[in-house]
Amino acid sequence: MKIMSSAHGDAESASREERNKQIVVDAYERMNNRDLTVFDEHPGLLALAEYMPIAWEAIPDFSSTIEQIIAENDLVAIQCIVHGTHSGSGFLGQPTGESLRFPGAWIDRVEDGKIVQHSGATHWITVLYQIGVLPISEEHNPAL
């Protein structure tokens, strides 16, 4: 990690990091609104262009809420809660009608106003507990 020595450099860095956080927040809000153009505008999200429609089919009201966001240089880290209702068919099997709530953690790299790299984890194992595919009591499910 590079430490900036001048106040001007610190302010510039902080401003860039705030812009990067806003770019990422805007992109995720657009995904929540099913705006497919977000995938074309942010090359780092292209893999999600295949994945998200599958998730939306199984969980039509799929949405994420950012709980924490941290930026350093060109990286933006998000801790979020994903929620929705398992009311559609698809990769999760027949609809159960269960209300879902599960954690995610994502890291995006922003260059020139675009998300150019995305990685992270969404806790799908919690979903399997919540729809009854995997038996577990609520007291042992850390996401509940």
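Residues numbered from 1 in each chain as written. Predicted model: local features only at pLDDT ≥ 70, side-chain atom pairs only at ≥ 80, totals over all residues. Heavy atoms only, no water.

In the nomenclature of an unreviewed UniProt entry, the protein is known as Ester cyclase of Nocardia colli.

The next thing to look at is the overall build of the protein. Summing up its helical and strand segments, the protein has 4 helices and 4 strands in all. Residues counted as buried form 35% of the 144 residues belonging to the protein. A separation threshold of at least 6 residues defines the contact pool for the protein, and within that pool the share at least 24 residues apart is 50%. (Helix = DSSP H or I, 4+ residues; strand = E, 2+ residues; numbered from the N terminus. Buried < 20%, exposed > 50% of the residue type's maximum accessible area, 1.4 Å probe, protein only. Contact = heavy atoms within 4.5 Å.)

On to the environment of Pro-53, then. Note on placement: Pro-53 falls in helix H3 (residues 46–58). When the C-alpha atoms of Pro-53 and Leu-36 are compared, they prove to be 9.5 Å apart, with 17 residues separating the residues in sequence.

Turning our eyes to something else, we now look at the pattern of salt bridges. This structure, assessed with the given rule, holds 4 salt bridges. For the salt bridge of Asp-35 with Arg-30, the shortest nitrogen-to-oxygen distance reads 2.9 Å. Between Arg-30 and Glu-41 there is a salt bridge, with its nearest N and O atoms 2.7 Å apart. Note that Arg-30 is positioned in helix H1 (residues 7–32) and Glu-41 in helix H2 (residues 37–41), a separation of 11 residues in sequence. (Salt bridge = Lys/Arg side-chain N within 4 Å of Asp/Glu carboxyl O.)

Here we come to the pairing of strand E3 (residues 99–111). Side-chain alternation along E3 places Leu-100, Phe-102, Gly-104, Trp-106, Asp-108 and Val-110 on a buried face and Ser-99, Arg-101, Pro-103, Ala-105, Ile-107, Arg-109 and Glu-111 on a face that remains uncovered. Sheet analysis places strand E2 (residues 75–85) next to E3, joined by 11 bridges and oriented antiparallel. Its bridge partner being in E3, Leu-75 is matched across the sheet by Arg-109. Pairing analysis gives 8 bridges linking E3 to strand E4 (residues 114–122), with the strands arranged antiparallel. Bridge assignment links Ile-107 to a residue of E4, and that residue is Ser-119. (Pairing = 2+ DSSP bridges.)

Turning next to the environment of Leu-128. Within the secondary structure, Leu-128 is located in helix H4 (residues 124–130). Distance from Leu-128 to Leu-92, taken between C-alpha atoms, is 8.0 Å for residues 36 residues apart in sequence.

Let us now look at the pairing of strand E1 (residues 63–72). In terms of strand pairing, E1 meets E2 through 9 bridges, oriented antiparallel. Across the sheet, residue Ser-63 finds its bridge partner in E2, namely His-83.

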